[in-house]
Amino acid sequence: MQKQYYISFEGSHIGPYSIDAIVNRIEGKKSQWTDYVYDEAVGEWVMLLEHPEFASQSSKKVMATFPPKPAEDGKLREKEWFVLKEGNNYGPYSKLELVQMLQERSLYEYDYIWHHGMSAWKRVAELTDFSKDSIRDLKESPNSDVSEIFFRRRHARAQYGASLIVHNNKSVFNGKTIEISEGGAGVMVESPDLQPGQTVFLHFQPGNGVPPFNAVCQIVSKQFVREPAASPKTRYGVKFTSISHHVRESILNYTAKAA
């Protein structure tokens, strides 16, 4: 008899279900691979993609739909990577295409990706293929077809030193803007508790011709920084999801002049 599990559903939990029954719910679009399952053995809720009993099931489904293809010339251009977003698989993509998607902010460090050589889906940030060192090597590549993808940003960026206030409906934090574009910003915040994918509200102080403004943002990256060592802070990349047209134009004018 298969082990039975409870799964999260609309803020509550339902079940118990067998592994096969849960996979059938996912195929029927009633659940997603990013839902949580309760594992009595460890006494906590675990994302389906990160649970060993279910991770292999997800990989098998992709393999059945997209069987492995012979390797192409040039590993960077081999279309072997798949992306999981909102319960749907997308791909295959090459490594270069994923790097470009990261540059354009259509793929994020917290998204899940997979290829046929992996036993389970992993977040982008967990894979050495997309580590800082690996990305830097690509950026410094003598091959112009490879290095030029780093200059295809959707929005021009510029250094920007205005202070800001961050709140997440529970707490308020002080911070400082490091860089800005019409699509988002890089900020330093005196809290390590914000997470990629989270929605936050930012109030930017005026600076360099950009008026004070409020923005609804989504956190897309996170990096711990010690500067100085006695005062650790966290650097976040945020994407603007709601911002006024007037402010967007002001930022665009500022970044154009700073370029």
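Before reading further, recall that the structure is shown in the block above.
So, here's what we can say about the structure. (Residues numbered from 1 in each chain as written. Predicted model: local features only at pLDDT ≥ 70, side-chain atom pairs only at ≥ 80, totals over all residues. Heavy atoms only, no water.)

1. Overview of the sheet that holds strand S5 (residues 81-85)
With antiparallel pairing, the 4 strands of this open sheet are ordered in space as S6-S5-S7-S8. Two strands lie at the open edges of the sheet, namely strand S6 (88-93) and strand S8 (122-123), each paired on one side alone. Judged from the 2 bridges that link them, strand S7 (residues 112-114) and S8 form a sheet pairing that is antiparallel. Bridged to Ile-113 within S8 is Lys-122. Each of S5, S6 and S7 touches helix H3 (residues 95-103); the most contacted strand, S6, lies at about 120° to it. (Pairing = 2+ DSSP bridges. Helix = DSSP H or I, 4+ residues; strand = E, 2+ residues; numbered from the N terminus. Contact = heavy atoms within 4.5 Å. Axes fitted to C-alpha atoms, helices over the stretch in contact; angles between N-to-C directions.)

2. Focus on the side chain of Arg-25
Turning to its location among the elements, Arg-25 is positioned in helix H1 (residues 19-27). Aside from chain neighbours lying at most four places away, what touches Arg-25 is Ile-7, Phe-9, Ile-14, Tyr-17, Lys-30 and Ser-31.

3. Some points on the nonpolar core
Counting 33 residues, the largest nonpolar core has Trp-33, Phe-54, Leu-98, Leu-107, Ile-113 and Phe-130 as its most contacted members. Contributions of two or more residues to this core are made by strand S1 (5-9), H1, S5, H3, S7 and helix H4 (132-139). Contacts of Trp-33, omitting those with residues within four sequence positions, involve Val-23, Ile-26, Met-47, Leu-48, Leu-49, Phe-54, Gln-57, Ser-58 and Leu-84. One finds Tyr-160, Leu-164, Phe-173 and Ala-185 within the second-largest nonpolar core, a separate group that totals 26 residues. (Core = buried A, V, L, I, M, F, W, Y, C linked by side-chain atoms within 4.5 Å. Buried < 20%, exposed > 50% of the residue type's maximum accessible area, 1.4 Å probe, protein only.)

4. Some remarks on H1
Three or more residues of H1 are buried, namely Ile-19, Ile-22, Val-23, Arg-25 and Ile-26. All buried residues of H1 lie within an arc of 155° about the axis, which places them on one face of the element. The positive-phi residue at the C-terminal boundary of H1 is Lys-29, with phi of around 65°. (Arc of directions from axis to C-beta.)

5. Quick look at the sheet that holds S1
Pairing is antiparallel in the open sheet, where 4 strands are placed in the order S2-S1-S3-S4. If you trace the sheet from one side to the other, it starts and ends with strand S2 (12-17) and strand S4 (44-47), each paired once. Ignoring which end each strand starts from, the neighbouring axes of this sheet average 35° apart. With 4 bridges joining them, S1 and S2 adopt antiparallel strand pairing. Considered in S2, the bridge of Phe-9 is made with Ser-12.

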